Structures are given as C-alpha cells and as structure tokens.
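Tertiary structure, described
Listed below are the residues making up each chain.
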Amino acid sequence: MFDRYSRRNFLRLSAALLAGGAAISRPDQAKAIGHVPRARGAVRLFKGYCPFCQVRCTYTARVQRGRLVSLTGDADNYWTGGVPQGHVHGGACQQPLPHHRAHVSRAGGSWRRISYGEAVRMTAARMREVLEKYGKEAGNRVAMTMPLWDCLESEVAALMALRTVGCVQALPPGETCVSTASNMLGHMLGVNSGTTQVDDICNARTLVLWGANVSDLYPPYTRWLARAREQGVRIIYIDPRKTRTSMWADSQLRPTPGTDGMLALGAIGYILREGAYNEERARFHMEDFENLAPKTTPISIEQVASVTGLAAEDITAFYQTLARSERTIVWLGGSLSRQTNGIHTVRSIILLQALRDNLIGSGKGMLTFQSGKPGGIDELVDHFFGENNTPKLNFRRIRMSMEKGRLDILFLNSSYRRYPDAQGVRKAIEKVPFVVHMGFFLDEESEVSTLFIPATFGPESQGCGYGNENQVAWREQILQAPGSCVPAWKFYHDVGRLVDPKRYPDFSSPEEICLMMQTFVPSWRGISMERLRSSSTVTWPIFEEGGRERTGTVFSEGRLLTPTGTMAVKDRVFGEISRWTLPKSHPHGKKASKEFPLILLQGKQLWHWQQTLTNFARSMAQFSNGRFLQIHPDTAAALKLQQGDKAALETASGSLEGWIDITENVLPGVVFTPANCCRTTPLEENRSPSICDILPNNWDRISAQHNCTGCRLRKL
C-alpha cells in the first residue's frame, strides 16, 4: 500500500531489487556459472551494463576462477551515479531444440536435440527456399519481432540477415508501449524521442510527469527528480494511480484513465483565453496557428472536470501553473501511448508546449520513456545491401499475413504476449511454417516455435547497449556462456553468411561491427572503441573524432527538425485535434457495454520490468504478489469483496483469476493488475496467464493498445 512506503524504504527496496539483476530459469536446478580460463585465484575486472530498463546503468564486474563475484555500480556514470547490480545465469536451456514435426504438434510435445551447426543450416535453408520460390517478393514472406537482448550489434547482424532475402520487417517492441508518442513526436517535431536530456529538468521551472512513473520504471533517474526539487523545480505528477513517484511530486492530478487528452485540450483553451502566450512564437512553431483557438477555447474547465473526474479548482491550479511557467518540460509516460486515443492526446500535449514556447531552449522540451536509441543502423545495413524502400508494416498487418498463410518465416525474438488478444496472436503464429525463437527459457514462445536457439545474456557477450539519452555503453564479455548458448549476433551472422556470402560482411565479434559503424556511419565517426572503453557512456551522435557530446536540446539551430521547421494544428493525416474521444472499449464511452463497467489498467512493476526474464528469477519472485487485482475501497464495498478474496477478472475477450487487493492507490471504478505474470514460470509467485490473453485487439492508427477497456469482477 502507498502509505507503507517512506523514502528510506523505497531506496532500500530499490537497491535490493536492482541487486537481483538478471534472471535464472529454474533456481532449484541452477548450475554453476560457466568457467572462463583464468589464473587460479586471480580476480579480474570487467566493464558492463544492465540491459533491463533504458537508463542503462553501468558497472564493474569482479570475476574469480570463472565465477562472478560481484557487480559494483559505476559511480562515474553521469546519468545514474552508480547503482549496485547482480547477475546469475542458471539452468537455461543449453542446446538448440526444434520440434520433431512428424511426431508432435506445433504447440506441445518433446524436443529433439540438434547441434548449433544444424540449427544454422536449417534456418539458412528455409531462407533460401523462400528466396528461390518468391524472388523479389521474398521479403514480404519473412518477419522478425525485436529486440535482441545482448547488444546493439546483434540488431545490426539480424537486420542484415533479413536483408539477404530483401526483408525490412523487423517489428520494434515499442509498438505496444511507446510507438504512438514516438511517431507523433517525429511527425510534429522531427525527432522521435526526447527533445532534451533528463539533466535538463534541473533548468526548468515546472516538470510535468504526464503518466511517467519514474520511480517504478526508471528508479535510477529519481536522482534527477531529487536534484530538480533541490533547484526549486515544481513537479506535477499526472497519473490515476498513487505510486512511488507520487512521493517526489509537489502535487498530483488523478484523472479518470483515458481522459488525459481532454485535460491537455482544456489547458490549451485556458491559455488562449487568458492570453498567456506569445503569438509570434506560437506562429513560429505552428504553420496554421489560426486553427487552434476554434477547437479549444470553447472547452470549459467545467467540461474538463466532467470528463476527467478532477475537481475544477485542481484543474484551474494546474492550468495557472502552466500559464505562468516560462520553462516547462513534459515527461511523457508510456501509458499515454497505451490508449487508442493516444495520438490525439500526445498531439495536444505537444501543441500545448508549442503554444507556451516550451519546446526549444534550456529547461524546455519533451522527455519520453523507452526512447533514445541511436541512429545509424539502417545506414550501415544499406551500405552493404543497398537501399530498400519497402514500407515497414506494423504488427497488425504482419498478423493478418500470418492468418492468411502469407508468412513463411518468423523470427520470434520477443514475446508475442506483449500484444493484446495474445491468444489470437498465438493462433496466427501457429500458421507460420517456420518459427525461430531465440530466448532463454522454454516458455510460451517456444511452444509455438519450430526451432529454439538458447541465447546468451548480458555478461556472456561483448557489445554495445543503448540508453535513454542516446548514450552508448560498452560491455566486455565477462563470463563464458553455458552449453551451446550463442550470442544473437553470431547466429544471424552465420545464417546470413550461408544465405548470401557475397553481400553479408564477415565479422567475428561485436567489436568488429562497432568498428564498421564508426567507419561507414558519419554520426558514429567520433564514437571510437577507445572512447567507449574509457567512458561510462558516450552520447550519440558524434560526427568527428574527438568531437564533443551533445547536451540539452536537439534543436541546436533554434527550429524544429521537420522539413518545414513547423508543425500543423490541423493535420492532413490525423485531422483536427478536436477528434479526441475516449479510448475504444472504455466503459464511459458512447458504445460502452453495461456488462463491463470497470476500467481495466495493466502495467509494469518495479521488480518485474521485463516480462519474461524476471518471471524466472527467485530473487525477484520474493517481492511478487502474483496476479493481484487492485481496487478502491468503494469499489470493493459495492461488489462485496474483501481483502484477499479470489475473483475472476472478466472482459469481453476472456477471464483470468487473481486475488483482491483493496487500496486507495487506485480510483473508484478502476482495476489495476500487473503486466508481467507468466504461465510457464516454475515460480508459483509469478504464475498466471498473461493479462494480454483477455485484452481486446484494440489498435489506433499506429500501434497496439492495452489500457482502459471495460471489465468486471466476479467473486470466486
């Protein structure tokens, strides 16, 4: 419960959780870490980074006799200040395991062990078959779900392997969490991630954490919240739930889930009515500024209050703060992108920042969650394979291809359970003739796969990791991978070389790929191996050797990075901002079903940031509460539910079971449940069907959506 957390307890819990580090598969069967040849008793130090959230903490690892002794956070890391880490590699599968198709179904049965070489040859043969059969259309018959966990170089190697058959369909994991915000930022501002860096919040007068639950999702970044408070920055947190982040805020607004867009539109209308803007600067940012007022000034505070459920005086106080603040940064949380009205919500927030001239300059701009990936990968791939202008499809279209039997090969590197209607997604995948899953455990993904490749993780491979501020961190290989676990870069290199040895470049390590980036990609020219090895992180881009790292705003020329240097209020693709409506399936919407009157929210927890990995870690499971269903005391009283009761959570798409947790941390009429639970984990604390199994297949024009559907609870 929220009341139980003090700042001291939060920091203590954060350290304990981060010390858990990466996961083991079956702790009761865990084996010793693989040996690395070392002088007996000698202790060696290695540089590394944590691959979980994109804060990208760096550390120094101590290894003795081939075993990891400790991980110490890098105190010189400017962004994190040093956070303790831990790593254990246990009983993950150590041989490539394909289904024996003549005797077992695609979704079950035993595995037949094969060698790594056979797995590579089997995959390459399938790629060549598709190429020979479909020629120039072969690229449309292959797809990949990202990411590849061990390093950036693995992404490079995988994208090159796809291009051997002309494929560009590598689907980003952000499609289910941040694609809406990313695409709208790129569309309106010319940059698809944060426009400034997290340290710039100390230069602001106001920081709005709009759905950005920093403490649970990016705990090391709370140091910047603390510094901002010390500088007198006013922190406003907008989130329907009370979370650990609430403790850092001067005030919190708790709107009805899914109504953030109305709150933003109302702010624009208020500022226009009050004249709290500079029209010349507003027109500098907006090419059709005259279209803004007619759609927003009629929105009254009373109307906003009616939709959001907020008190009129709280709304007015928020709007007054925005109208008076000369320097405001808005930090967009991924939750805004997880609603089908997210496009218009994010558009409205961007226009609000433009109206107040809070996009360009110190202490101004937009921050986002899960962003900051350095560019340049596509440039390197194009260098070897030539440009490929085939439109990149989203997962919804790829799913349609699978359902219609038009996809022959799927590289399933991330969980299909991240998508709504996960069971429908699973059925679609089962129609693909050849599915390669590169992962760590025999889990739900392996059940629908033809071939399982056991991957290396973290310290078992060399390479770069990228972080939230466009930073690049280097990691040396610290430990020998157990069994025949193989880095993703090697698997895709070996497949690519068999399919197209003339174009696919030969390399033997991530370091060689990184050197190719520095040689052929101008924005990597100054990110030398020497610089990577001697620094905690290096911020991309650096165009010349010895060049300085960029700090602050990306708008270094004082204008937006769109082709015209401006944004549109009335967009030819997305229309009027007044097209904002409640999310699809929202129980307060016009077409709402009275059978499902509660609003369903799902999300990440501090100790379960990544769905698959942490579900297999006993060190994390000790903090897990399993499939809990959080509801407000008023909701519990109306439904005659008690603390700890077992209940069925039901939607129009299905149901699952959980236990009732009664707390004022959620609003009346709302149910919150964690996103992480997994059916195949050996740890009972984490075992439950995926929440996406019962979420409807809701999409906006960009991405898959998860939150704000209607639901109900039934006592068991």
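See the structure shown above.
Quantities reported herein were computed from a predicted structural model and do not represent experimental measurements. (Residues numbered from 1 in each chain as written. Predicted model: local features only at pLDDT ≥ 70, side-chain atom pairs only at ≥ 80, totals over all residues. Heavy atoms only, no water.)

The secondary structure content of the protein chain amounts to 22 helices and 23 strands. Here the protein chain holds 716 residues, and the buried ones make up 64% of them. Across the protein chain, contacts joining residues at least 24 apart in sequence account for 74% of those joining residues at least 6 apart. In the form shown here, the protein chain has an accessible surface area of approximately 27000 Å², with 47% of it arising from carbon and sulfur atoms. (Helix = DSSP H or I, 4+ residues; strand = E, 2+ residues; numbered from the N terminus. Buried < 20%, exposed > 50% of the residue type's maximum accessible area, 1.4 Å probe, protein only. Contact = heavy atoms within 4.5 Å. Areas by Shrake-Rupley, 256 points an atom, 1.4 Å probe, with all protein chains shown as cover.)

One open sheet accounts for three strands, arranged E1-E2-E3; its pairing is antiparallel. On the outer flanks of this sheet lie strand E1 (43–49) and strand E3 (67–73), each paired with one strand and no other. Strand-to-strand twist of the sheet, defined as the mean angle between neighbouring strand axes without regard to direction, takes the value 25°. Pairing of strand E2 (residues 58–64) with E3, which is carried by six bridges, proceeds in the antiparallel orientation. Opposite Thr60, over in E3, you have Thr72 as the bridge partner. (Pairing = 2+ DSSP bridges. Axes fitted to C-alpha atoms, helices over the stretch in contact; angles between N-to-C directions.)

Before going further, it helps to spend a moment on the sheet that holds strand E16 (residues 471–475). Strands sit in the order E15-E16-E17 across an open sheet of three strands; the sheet is antiparallel. Each end of this open sheet is capped by a strand with a single partner; those strands are strand E15 (463–466) and strand E17 (538–539). Here E15 runs beside E16; their pairing, made up of four bridges, is antiparallel. Among the inter-strand pairings, Gly465 is bridged to a residue of E16, identified as Ala473. Seen against the sheet, helix H3 (residues 152–163) touches E15 and E16 and runs at an angle of roughly 100° to E15.

The subject of this paragraph is the nonpolar core. With 98 residues, the main nonpolar core has Trp331, Phe491 and Tyr492 as its most contacted residues. When residues of this core are assigned to their parent elements, the largest contribution, eight residues, is made by H3. Ranked by size, the runner-up nonpolar core spans 58 residues in total, among them Val208, Tyr270, Met366 and Phe574. (Core = buried A, V, L, I, M, F, W, Y, C linked by side-chain atoms within 4.5 Å.)

What follows is about the packing of helix H7 (residues 260–274) against helix H11 (residues 312–324). Two elements in contact, H7 and H11, have axes separated by 10 Å at closest approach and are oriented at 60°. Our classification of the angle between H7 and H11 gives oblique. Read as a crossing pair, H7 and H11 show a hand that is right-handed. Residue-level inspection shows Met262, Leu263, Gly266, Ala267, Tyr270 and Ile271 of H7 in contact with H11, the latter providing Ile315, Phe318, Tyr319, Gln320, Leu322 and Ala323. When the residues that make up the contact of H7 with H11 are grouped by side-chain class, the tally is ten nonpolar, two polar and no charged. (Parallel < 35°, antiparallel > 145°, perpendicular 65-115°, else oblique. Left-handed = near helix turned anticlockwise from the far one by under 90°. Nonpolar A, V, L, I, M, F, W, Y, C, P; charged D, E, K, R; others polar.)

A word on unusual backbone geometry. Across the junction of Trp540 and Pro541, the peptide omega takes the value 0°, indicating a cis bond. Backbone geometry at Asp357 places phi at a positive 55°, although glycine is not the residue there. With a phi close to 65°, Asn470 is a non-glycine residue in the positive phi region. With respect to the helices and strands, Asn470 occurs in the loop between E15 and E16.

Evaluated as defined, the whole model comprises 26 salt bridges. Its salt-bridge partner being Glu576, residue Lys570 comes within 3.7 Å of it at the nearest N-O pair. Across the pair Lys715 and Asp645 runs a salt bridge whose closest N-O atoms are separated by 3.6 Å. With Lys715 in strand E23 (residues 709–715) and Asp645 in the loop between helix H22 (633–639) and strand E20 (646–651), this residue pair connects regions lying 70 residues apart in the sequence. Among the charged side chains, a network of salt bridges with common partners joins Arg417, Asp443, Glu444 and Glu445. (Salt bridge = Lys/Arg side-chain N within 4 Å of Asp/Glu carboxyl O.)

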